[in-house]
Amino acid sequence: MTDESVYHERRQSNPTYTNKNRVNRENCVKISGLPQPIDLKPSTVLMPTAPRKTPEQLQALYGVAYVDSFNSTQLLARIERLLARCSVGKSDKVVDFGCGSGLLMPYLAPRAHSYTGVDFSSAFIATAVARQQQLGIANADFHCDDITHFCRQHQGEFDAAFALDFSEHVYDDEWLQILTAIRSSLKPGGRFYLHTPNREFFVEVLKAHNVILRQFPEHIAVRTPPHNLALLAAAGFHHNNLQLLPHYNVLKWLHWLSWLPLAGKYFKARIFIEARA
């Protein structure tokens, strides 16, 4: 039965059924095991009524002021906590997508054969290169580039890829393209590590509805665990292992509430996923 015949059949049995009830399959992916297709239209995850920002507007958010603020607020304990969950060997070529100012470089480069950082912000890349020179790390390099373009030039090259606190800055349709490109840059069976806020965490729920808290303007796509997994599967990743982690600031002390029945999901602050290409 076609979508059109399904629509007319439901319209006959329910006159209030309209085109708004129909699934736009050009904007959705249906993943086995999920109750409904994942909608890939922009601005549907966090702020359904917010106008979509242009690429120029998004890039303007990541200027020198943002870089300075970002560098001053990052907690090294958070980075160490995440990297303890990642497997990196001496022969591995690793790539850090959305690398920012290269915060992962001092941790990953000594453990790997090589470290490559990719970011579209020239301000971030300039800071990352300065960090590399200051630390004297020889087996690292940085690229100010669009990720999909970079991946086309580096097919099947890397053993492990990282996208930590990056995906929430990218709309769904673009993120799916980026995930597909990232997978193509990995060797068969290569590891992909993703870390991002959890849309179900009570703080994110408040932000999404502008109650007490307001969302960061850069966080345009905070997603739920199933939504993240669906996009990874749609991009061709498999063996996707998801963990829900505590927050990294004082809110971490609320994580014990995650054991509560029904309400527990609202106290799981961060999503960490290891996926395979």
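Peer 1: Honestly, the overall build of the chain in this entry has me stumped. Any pointers?
Peer 2: A tally of helices and strands in the chain yields 10 helices and 9 strands. Considering only residue pairs separated by 6 or more positions, the chain has 73% of its internal contacts joining residues 24 or more positions apart. Put simply, the chain shows about 14100 Å² of open surface, and 56% of that area lies on carbon and sulfur atoms.

Peer 1: What should I look at first to understand helix H8 (residues 172-185) in this one?
Peer 2: An α-helix turns once every 3.6 residues. As a result, residues three or four positions apart point the same way. Counted at 1.5 Å a residue, the expected span for H8 with its 14 residues is 20 Å, and the 20 Å between its end C-alpha atoms agrees. When H8 is considered as a whole, its buried residues turn out to be Asp 172, Trp 175, Leu 176, Ile 178, Leu 179, Ala 181, Ile 182 and Ser 185.

Peer 1: Before we go on, may I ask you to explain the packing of H8 against helix H10 (residues 225-234) in this structure?
Peer 2: When two helices pack together, their arrangement is given by the angle between the helix axes and by the axis-to-axis distance. H10 packs onto H8 with a crossing angle of 50° between their chain directions and a minimal axis gap of 9 Å. In this view, H8 runs oblique relative to H10, as classed from their interaxial angle. Of the two elements, H8 crosses H10, and the hand of that crossing is right-handed. Here Asp 172, Trp 175, Leu 176 and Leu 179 of H8 lie close against H10, whose contacting residues are His 227, Leu 231, Leu 232 and Ala 234. Each residue belonging to the contact of H8 with H10 can be placed in one class, and the counts come to 6 nonpolar, 1 polar and 1 charged.

Parameters at a glance
Residues numbered from 1 in each chain as written. Predicted model: local features only at pLDDT ≥ 70, side-chain atom pairs only at ≥ 80, totals over all residues. Heavy atoms only, no water. Helix = DSSP H or I, 4+ residues; strand = E, 2+ residues; numbered from the N terminus. Contact = heavy atoms within 4.5 Å. Areas by Shrake-Rupley, 256 points an atom, 1.4 Å probe, with all protein chains shown as cover. Expected span 1.5 Å × (residues − 1). Buried < 20%, exposed > 50% of the residue type's maximum accessible area, 1.4 Å probe, protein only. Axes fitted to C-alpha atoms, helices over the stretch in contact; angles between N-to-C directions. Parallel < 35°, antiparallel > 145°, perpendicular 65-115°, else oblique. Left-handed = near helix turned anticlockwise from the far one by under 90°. Nonpolar A, V, L, I, M, F, W, Y, C, P; charged D, E, K, R; others polar.

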